[in-house]
Amino acid sequence: MSKTFLPLALGTALLAGCASPQHTVSLDKPRLIGNWAMLPLGNGIANVAEYQADGKVRLHPFNCVESTGDEVEVSDYRVAADGKSIHVSSPQRTFDLQVLAYSGNLMVLGMQVDQGQLKFMYKKVDTIAPLCNLYPDAKAEAARRTEYQTQDFVPAPTIPAHAGMERYIGNWVSMKQGQRQVQIMKGADGQPYLSLPDSENWRYLFNDVRWEGDVLHYQGFAYSPKPSLYRHPYHKSNMPMTLAPAADGKLLSTFEISGKRYEYILQRAD
């Protein structure tokens, strides 16, 4: 399947606030002919599909954050007799798009993948141009896709003094995933601090470390030293985290991503 026609890796959600058309869920070729601009995805991709009367569809790659450098991709298309799917094919790939909703100048297309169904919303436009006015965070996203600088996140991992600090010292791994989540070590000066060893692709930093009762609160930050991963959503990710005592000497780790809370039970590694 085309990496530019439907960007699957990061295209699992449309921009919030854009209502889906609720009219017919089928269409015919005459209604499909024209330029259809995809509502920008979270990674900035905002391609325009140009459906032509001769059965060709030209995919114009756009990104609201950065230049794609990709060429226009030309494929054949065919609308199913019942109007509920579009078959797209080229010498490189073949796939089907389900017509989930259609209403004049709006349509929603879907594709089945291993993880489920992906949905993409399109608006019919007069000119071949992306809908980047619907991507309000383009400047912030462009700034994120750059090399880490100290001003992006100032590390301050030292943990303030707390009664029973030895309860928290150690290498802590997730019981569910078996992966190291955090280390609480003591420096040469005897001060405890948060850390996590570098991996091949990622570096980890911490600051805003504070106690609320026996719960340790802090900010976790991850970035990659590899330019090839600057576009990855984990690059320059900043999330609030906590560590709280749990049964049998374990710790409860919590963190938030986009307002959603996650919890893991941690145990000391050998």
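Note that the structure is a prediction, hence the values are computed from the model and not measured.

K.L.:
Run through the confidence of the model for the protein, naming residues and quoting values.
P.N.:
Counting all residues, the mean pLDDT for the protein is 87, and 89% of those residues have values of 70 or more. Below a pLDDT of 50 lies the segment residues 1-20, which in the model reaches 53 contacts outside its immediate sequence neighbourhood of four places, other chains included.

K.L.:
Tell me about the state of the cysteines, and name the residues and values.
P.N.:
One pass over the full model with this rule turns up one disulfide. Each sulfur in the disulfide pair C64 and C132 lies 2.1 Å from the other. A torsion of -95 degrees about the S-S bond marks the disulfide between C64 and C132 as left-handed. Residue C64 is found in the loop between β3 (56-60) and β4 (73-79), and its partner C132 is found in the loop between β8 (116-125) and α2 (138-144); the two are separated by 68 residues along the sequence. With a relative accessible area of 13%, C64 lands in the buried category. Look at C132 and you get partly exposed, because its relative accessible area is 25%.

K.L.:
Tell me about the sheet that holds β8, and name the residues and values.
P.N.:
With antiparallel pairing, eight strands are arranged side by side around a closed barrel as β1-β2-β3-β4-β5-β6-β7-β8. Averaged over all pairs of adjacent strands, the angle between their axes in this sheet comes to 35 degrees, without regard to strand direction. When strand β7 (residues 106-113) meets β8, the two strands line up antiparallel, connected through eight bridges. Its bridge partner being in β8, L106 is matched across the sheet by K123.

K.L.:
Tell me about the packing of aromatic side chains, and please be specific about residues and values.
P.N.:
Counted under the stated rule, the structure contains 11 aromatic pairs. For the pair Y51 and Y77, a centre-to-centre distance of 5.0 Å together with 85 degrees between the ring planes defines the contact as edge-to-face. Residue Y51 is found in strand β2 (residues 48-51), and its partner Y77 is found in strand β4; the two are separated by 26 residues along the sequence. Overall, the relative accessible area of 7% leaves Y77 in the buried class. With a centroid separation of 4.6 Å and an interplanar angle of 10 degrees, the aromatic rings of F153 and F221 are classed as stacked.

K.L.:
Please set out the pattern of salt bridges residue by residue, giving values where relevant.
P.N.:
The tally for this structure, following the rule as stated, stands at 15 salt bridges. Between K56 and D76 there is a salt bridge; the shortest N-O distance is 2.7 Å. Of this pair, K56 sits in strand β3 while D76 sits in strand β4, and the two are 20 residues apart along the sequence. For K56, a relative accessible area of 32% translates into the label partly exposed. Overall, the relative accessible area of 33% leaves D76 in the partly exposed class. E66 is the partner of R231 in a salt bridge, and the nearest nitrogen-oxygen pair spans 2.8 Å. Taken together, the residues R231 in the loop between β13 (215-223) and β14 (237-245) and E66 in the loop between β3 and β4 connect sequence positions 165 residues apart. Salt bridges sharing partners connect three or more residues here, namely E66, E141, R144, R145 and R231.

K.L.:
Mind laying out the sheet that holds strand β10 (residues 180-186), listing which residues take part and the relevant values?
P.N.:
Strand order in the open sheet made by the eight strands is β11-β10-β9-β16-β15-β14-β13-β12, with antiparallel pairing throughout. The sheet is open, and its two borders are formed by β11 (192-195) and β12 (203-212), each paired with just one other strand. Strand-to-strand, the axes of this sheet are offset by a mean angle of 25 degrees, without reference to chain direction.

Rules behind the numbers
- Residues numbered from 1 in each chain as written.
- Predicted model: local features only at pLDDT ≥ 70, side-chain atom pairs only at ≥ 80, totals over all residues.
- Heavy atoms only, no water.
- pLDDT = per-residue confidence, 0-100.
- Contact = heavy atoms within 4.5 Å.
- Disulfide = S-S within 2.5 Å.
- Helix = DSSP H or I, 4+ residues; strand = E, 2+ residues; numbered from the N terminus.
- Buried < 20%, exposed > 50% of the residue type's maximum accessible area, 1.4 Å probe, protein only.
- Pairing = 2+ DSSP bridges.
- Axes fitted to C-alpha atoms, helices over the stretch in contact; angles between N-to-C directions.
- Phe/Tyr/Trp six-rings, centres within 6.5 Å; stacked < 30°, edge-to-face > 60°.
- Salt bridge = Lys/Arg side-chain N within 4 Å of Asp/Glu carboxyl O.

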